[in-house]
Each structure stands twice: as structure tokens, then as C-alpha cells.
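Residue-level structural notes
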Amino acid sequence: MGRRLSRALLAITASAMLATPALAISRVNTANASCAAVKGVLQREGAAILRYPSSRSNKLLYDRYVSNRHSCILGEITKRATVPTADTAHCPVLKCYRPDRDRRSKFLRRF
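Residues numbered from 1 in each chain as written. Predicted model: local features only at pLDDT ≥ 70, side-chain atom pairs only at ≥ 80, totals over all residues. Heavy atoms only, no water.

We now examine the nonpolar core. Ranked by size, the top nonpolar core spans 14 residues in total, and within it Val28, Val38, Leu42, Leu50, Tyr65, Val83 and Val93 carry the most contacts. Mapped onto this core, the elements with two or more residues apiece are helix 2 (35–45), strand 2 (47–53), strand 4 (77–83) and strand 5 (91–97). The greatest single-element share of this core, amounting to 4 residues, is contributed by helix 2. (Core = buried A, V, L, I, M, F, W, Y, C linked by side-chain atoms within 4.5 Å. Buried < 20%, exposed > 50% of the residue type's maximum accessible area, 1.4 Å probe, protein only. Helix = DSSP H or I, 4+ residues; strand = E, 2+ residues; numbered from the N terminus.)

Written as C-alpha cells, this is what we have:
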């Protein structure tokens, strides 16, 4: 019984170690990267967290951006967005959003 348990634990540990890199997502500071570099990361990895300075304050903003709709979860679609990069103020990228949730939140914010 003890041998069977140790084999099971070994198999679970090995599976977890193999799955961990797949869960990692790159974080890119867009102020230090060109638009082409940002798009290259998105194309290569499918998704990334892009960090960029706010245009209205000194705060650093971030969000998840994707290369296409296949990187979104079920029920989400892509919409166009732009982020500032080292070489341009408006680098075009895509981000995922839920149309029903976004419409509802805009409605709730009005009242």
C-alpha cells in the first residue's frame, strides 16, 4: 500500500510540474518595448499582461491582451484596443471581453 501511494504521489507531482509552465503568462512593460515587440509576444504566446502608464495619472495600468479570440474564455469575444509603447502612443492590440457583462456594467454605472 505504501509503495502504491508513493507512486501515485510521484505521478501527481510530475504532472503538476509539467503543467506549471503552461499556466505562466508573460508580463510586458510597454514603455520599454516597441509596438512590434509587443505584437511579437502576443503572436508567440497567445496572451500577455501588458503594463503601461496611465495617460491621466502617475499610475501603472495593466490588463490581459491576446493575439486572437482563441485565447479568450468561453463567452468572450475580442475588441480592439491600443496601448502606448516606446515607439508609438497607440499600438493596436486585442483584448477579451464579455459583451453581456460589459453592457450591463455600463448600464449600472449610469444609475
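After that view of the structure, there is still more to cover.
To continue, consider helix 2. Of the positions making up helix 2, those classed as buried are Cys35, Val38, Val41 and Leu42. Axial view of helix 2: buried residues confined to an arc of 130 degrees, hence all on one face. Pointing more than 90 degrees away from the buried face of helix 2 are the exposed residues Ala36, Gln43 and Arg44. If you follow the buried residues of helix 2, they end up packed against strand 1 (26–29), strand 2, strand 3 (60–66) and strand 5. Gly46 lies just past helix 2 and shows a positive phi near 90 degrees. (Arc of directions from axis to C-beta. Contact = heavy atoms within 4.5 Å.)

Attention shifts here to the state of the cysteines. The tally for this structure, following the rule as stated, stands at 2 disulfides. Cys35 shares a disulfide with Cys91; S-S distance 2.1 Å. Across the S-S bond linking Cys35 and Cys91, the dihedral sits near 75 degrees, which makes this disulfide right-handed. Of this pair, Cys35 sits in helix 2 while Cys91 sits in strand 5, and the two are 56 residues apart along the sequence. Accessibility expressed as a relative area gives 0% for Cys91, which makes it buried. Cys72 shares a disulfide with Cys96; S-S distance 2.0 Å. Looking along the S-S bond of the Cys72-Cys96 disulfide, the torsion reads about -85 degrees, which is the left-handed sense. Separated by 24 residues along the polypeptide, Cys72 in the loop between strand 3 and strand 4 and Cys96 in strand 5 bring together distant segments of the chain. This pair shows no difference in class: Cys72 is buried, exactly as Cys96 is. (Disulfide = S-S within 2.5 Å.)

Scanning the entire structure with this criterion turns up 0 aromatic pairs. Lying over the aromatic face of Tyr97, Lys79 brings its terminal NZ or CZ to 4.8 Å of the ring centre. (Phe/Tyr/Trp six-rings, centres within 6.5 Å; stacked < 30°, edge-to-face > 60°. Lys NZ or Arg CZ within 6 Å of the ring centre and 35° of its normal.)

Moving on, we get to the pairing of strand 1. The pairing of strand 1 with strand 2 spans 4 bridges and is parallel. Looking at strand 2, one finds that Asn29 is bridged to Arg51. Chirality of the crossover, the property in question, places the unit of strand 1, helix 2 and strand 2 among those that are right-handed. (Pairing = 2+ DSSP bridges. Right-handed = clockwise from strand over helix to strand, strands pointing away.)

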